[in-house]
Amino acid sequence: MLSNLARPRLKGASILRSHTKRSFSTKRFSANSKIYIATAGFITTPGLWWLTSTRDDVPCLETPPAEHLAPEPGPSKEDVTHILSKEAYSFQVKKIAGVNRYDGAQLASNSPCEDRFIHGKVASPWNKNEQWMSWAVFDGHSGWQTADLLTKKLLPFVWRRLTEAKSPPSDEVPNESVQRAIMKGFVDLDDSIIKTASDTSESKESFQDKIKKLAPAYAGSCALLSLYDPITSTLHVACTGDSRAVLGQKGSDGKWEVIPLSVDQTGSNKEETTRISKEHPGEENIAKDGRVLGLMVSRAFGDSLWKWPVDFQKEIKRKFNGPAPLTPRYDVRTPPYLTAEPVVTSTKIDPNKPSFLIMGTDGLWDYISSEQGVNLVGKWLEPGTEEKSEPEPTDRQFNFGRFWEDVNWKFEEERTTIQDDNAAVHLMRNSLGAGRLAFDSPLSRRVRDDVTVQVILFNVKK
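Quick look at the structure, then. Note that the structure is predicted; figures quoted are calculated from it, not measured.

Quick look at the sheet that holds strand β2 (residues 99–107) now. With respect to topology, 6 strands assemble into an open sheet ordered β1-β2-β15-β14-β8-β9, the strand pairing being antiparallel. Each of the sheet's edge strands pairs with one partner strand only, and the pair in question is β1 (89–92) and β9 (256–260). Strand after strand, the sheet turns through a mean of 15° between neighbouring axes, direction not considered. Direction of pairing for strand β14 (residues 355–360) relative to strand β15 (residues 451–458): antiparallel, over a ladder of 6 bridges. Paired with Ile358 across the two strands is Val455, which belongs to β15.

And the structure:
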């Protein structure tokens with residue numbers, strides 16, 4: 001198209017030059033000459049506009065006097081509240097027996113945040129006219145792609161297995177059957193991520209599509225999924241990785257009892273390291289210094305380097321510039337070393353006892369214990385007459401060196417503050433403190449992880 005326009009433009013210019021050489025008299029201009037002049041003028045107009053236009057769209061940069069240049073101040077108290085509450089949510093639950101309300105919040109340290117979460121109502125796997133509740137937090141690592149996939153796929157995979165767990169004419173499905181179904185759903189999804197990679201690499205899809213499909217296998221994610229069946233008042237919690245669920249239940253003495261519903265699955269967990277060693281006899285140093293071949297968690301979705309054969313790792317690296325194989329840094333002989341199979345617990349929620357569930361990624365539990373988390377939510381539910389604020393231990397200016405001197409790196413009860421309407425925000429504020437919120441990405445990653453928290457209130461109102 002450009003070449004077609006160029007020809008009459010050049011031809012017109014040539015004829016104009018020849019006419020000009022012969023005479024300046026307008027009488028000798030033919031009708032064709034007028035057409036050429038009009039054509040040439042029309043085509044060259046944009047060029048003339050750029051030459052004659054006085055419009056200037058170049059932005060002007062300000063240059064204030066040097067003495068006015070100063071770094072912006074750190075976050076104020078209002079800024080801290082905004083940072084903590086930016087991704088917060090709260091829902092009153094009116095049609096699910098036993099659940100009154102749930103709060104959630106998320107705070108990014110990585111950019112973009114590698115954590116994800118889901119929450120809401122879902123049809124019962126055995127009766128479409130009844131509804132369950134579901135909450136989940138996904139702690140991604142080495143990228144957000146695996147965690148993001150879990151938000152879309154994990155619940156459907158689990159639900160498919162749950163629908164198969166009921167055998168008519170049985171009215172009630174045993175907890176053991178529910179647990180096995182959830183476990184199968186987790187493993188099914190991870191298999192689809194890991195074991196179909198070879199099919200993807202050999203498919204006729206575009207290179208871009210292959211890269212996108214392989215990304216959830218390159219990255220990894222923990223998963224903590226809770227399902228509440230209001231018909232049986234049963235809470236099922238499935239944990240893969242080191243996110244944690246803990247139940248707070250009020251006892252007859254008015255104190256909040258701490259009931260762990262999951263166990264952190266890491267290289268520091270002796271049961272986990274013993275299991276892995278039995279699965280790989282003769283291989284030493286698989287679990288060392290609290291890690292599994294360098295990885296903190298002992299169970300996870302994705303993390304293909306701990307699951308693919310070494311030859312396939314090298315092939316993916318060569319074809320798609322995937323992550324470098326674990327060898328020769330680690331002695332990889334008989335993968336897989338990780339599994340996505342969860343540990344599932346089933347707990348009856350007593351309708352006569354106020355209780356709440358805390359679900360959090362390890363970014364929360366790095367700084368508070370399960371007991372401290374339950375106590376913090378208990379105080380939030382029943383605050384005293386005076387609100388506490390986080391005091392400065394001394395009059396000296398704060399710096400991180402003081403964490404090793406007169407300020408505990410982790411949460412201390414005397415620094416408790418109750419000022420938030422959202423229980424999840426309340427937990428984040430008290431676990432992190434204002435100091436860690438002064439850092440933005442990427443420096444924030446040195447002092448805190450991504451944090452995702454959900455708090456569910458059973459038989460208690462706030």
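This next bit is on the pairing of β9. In terms of strand pairing, strand β8 (residues 244–250) meets β9 through 5 bridges, oriented antiparallel. Note on β9: the bridge partner recorded for Val246 is Pro260. The turn linking β8 back onto β9 is made up of 5 residues, and Gly254 within it adopts a positive phi angle of 85°.

The next thing to look at is unusual backbone geometry. At the junction of Ser111 and Pro112, the peptide bond is cis and its omega measures out at 0° in the coordinates. Locating Pro112 in the fold gives a position in the loop between β2 and β3 (115–123). Thr327 connects to Pro328 through a cis peptide bond whose omega is 5°. Position of Pro328 relative to the elements: it lies in the loop between α9 (310–320) and β13 (343–348). One non-glycine residue, Asn459, lies in positive phi territory at about 55°. Mapped onto the secondary structure, Asn459 falls in the segment after β15.

Further remarks concern the packing of helix α7 (residues 207–218) against α9. Interaxial distance between α7 and α9 falls to 12 Å at its minimum, and their mutual angle equals 140°. Considered as vectors, α7 and α9 are oriented oblique to each other. Where α7 crosses over α9, the handedness of that crossing is left-handed. For the pair α7 and α9, the contacting residues are Phe207, Lys210, Ile211, Leu214 and Tyr218 in the first and Ile316, Lys319 and Phe320 in the second. Here the contact of α7 with α9 is composed, by residue class, of 6 nonpolar, no polar and 2 charged.

Tallied over the entire structure, the rule returns 0 disulfides. The structure places no disulfide on Cys222, whose sulfur is separated from the nearest cysteine sulfur, that of Cys239, by 7.5 Å.

Mapped onto the secondary structure, Gln249 falls in strand β8. Overall, Gln249 belongs to the buried group, its relative accessible area being 10%.

So, about the pattern of salt bridges. Here the structure, examined in full by the defined rule, presents 18 salt bridges. Across the salt bridge formed by Asp190 and Lys307, the nearest N and O atoms sit 2.8 Å from each other. Separated by 117 residues along the polypeptide, Asp190 in helix α5 (residues 175–194) and Lys307 in the loop between β12 (301–302) and α9 bring together distant segments of the chain. Under the relative-accessibility criterion, Lys307 is labelled buried at 8%. Close ionic contact of Asp191 with Lys195 constitutes a salt bridge, the shortest N to O distance being 3.8 Å. Classification of Lys195 by relative accessible area gives exposed; the value is 58%. Here the salt bridges do not stand alone but share partners, grouping Arg160, Arg161, Glu164 and Asp188 into one network.

What counts, and at which threshold
- Residues numbered from 1 in each chain as written.
- Predicted model: local features only at pLDDT ≥ 70, side-chain atom pairs only at ≥ 80, totals over all residues.
- Heavy atoms only, no water.
- Pairing = 2+ DSSP bridges.
- Helix = DSSP H or I, 4+ residues; strand = E, 2+ residues; numbered from the N terminus.
- Axes fitted to C-alpha atoms, helices over the stretch in contact; angles between N-to-C directions.
- Parallel < 35°, antiparallel > 145°, perpendicular 65-115°, else oblique.
- Left-handed = near helix turned anticlockwise from the far one by under 90°.
- Contact = heavy atoms within 4.5 Å.
- Nonpolar A, V, L, I, M, F, W, Y, C, P; charged D, E, K, R; others polar.
- Disulfide = S-S within 2.5 Å.
- Buried < 20%, exposed > 50% of the residue type's maximum accessible area, 1.4 Å probe, protein only.
- Salt bridge = Lys/Arg side-chain N within 4 Å of Asp/Glu carboxyl O.

Fair warning: the whole summary comes from geometry, so function is off the table for now.
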